[in-house]
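# A closer look at the structure
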Amino acid sequence: FFKKKKKKIFFIMAGINLIEETLPFSSLLEKTTAQRIYQTANYRFVKFEDVAFRGQKFPRCEMEFCDLSNADLSGSDLSGIKISATDFNNSLMSGVDMSRADMHLSVFSGSDLSGANFSKAYLRSVRFIGCNLSGANFTYADLTNADLTGADLTDVDWSYTRLHNTKGISPV
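Conventions adopted
- Residues numbered from 1 in each chain as written.
- Predicted model: local features only at pLDDT ≥ 70, side-chain atom pairs only at ≥ 80, totals over all residues.
- Heavy atoms only, no water.
- Helix = DSSP H or I, 4+ residues; strand = E, 2+ residues; numbered from the N terminus.
- Buried < 20%, exposed > 50% of the residue type's maximum accessible area, 1.4 Å probe, protein only.
- Contact = heavy atoms within 4.5 Å.
- pLDDT = per-residue confidence, 0-100.
- Polar contact = N/O pair within 3.5 Å; in protein donor to acceptor, adjacent residues only side chain to side chain.

The next subject is unusual backbone geometry. Positive phi, close to 50 degrees, is recorded for Ala85, a residue that is not glycine. Of note, Ala85 is situated in the segment after β8 (82-84). Within the chain, Lys120 stands out as a residue other than glycine whose phi angle is a positive 60 degrees. Checked against the element boundaries, Lys120 lands in the segment after β8. On the accessibility criterion, Lys120 (55% relative accessible area) is exposed.

What follows is the structure, encoded as structure tokens:
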């Protein structure tokens, strides 16, 4: 007759460096309500297979040449993260906070980024081909040489956004 009280578990990966690793779903996310904080971690050439990072935090992390295609990062905090040449194809990223992030050369083709916050983000040469960007915030972002061909740009906030040589967008 005793009720077990659910504890919120915090899991911190701090100061790790993963180079050329494959991390399957089961090694990163168990069936718990864990809040993980991937802090000051560096990921290079890491393949995350079908990983769900919903609602996670990544303070002071760096990712380079990683594969997060088909990942679920919905509601996650990637603000200030440094990511380059990383694949987010067909990922679920609605409501993600990528403010002040440096994400140059990354690919988000076919991803759901509805309601995402890209304010003050560095997004040079990023590909958003066929993405759902409805309601996204790009205030003060740099989208120089980005490709938004076929993206849903309904209700996007372009205030003070740098759009030099950006494809797939009508002049604002």
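Next comes the rest of the account.
The next thing to look at is the environment of Arg127. Tracing the backbone shows Arg127 in the segment after β8. Distance in space between the C-alpha atoms of Arg127 and Asp147 is 4.8 Å, their sequence separation being 20 residues. Not counting chain neighbours up to four residues away, the residues in contact with Arg127 comprise Ser106, Val107, Phe108, Ser109 and Asp147.

Should the pLDDT be low somewhere, the predicted coordinates at that spot are not to be read in detail. Looking at the chain as a whole, the pLDDT averages 81, with 75% of positions reaching at least 70. Summarising per-element confidence for the chain, the mean pLDDT is lowest in strand β1 (residues 10-14) (37) and highest in β8 (93). Ignoring residues within four places in sequence, the model shows residues 1-34, a span with pLDDT below 50, making 62 contacts including any to other chains.

Examined against the element boundaries, Thr161 turns out to sit in the segment after β8. Classification of Thr161 as buried rests on a relative accessible area of 14%. A distance of 2.9 Å separates the side chain of Thr161 from the backbone oxygen of Trp158, its partner in a polar contact. In contact with Thr161, other than residues within four places in its own chain, are Phe138, Thr139, Tyr140, Ala141 and Leu143.

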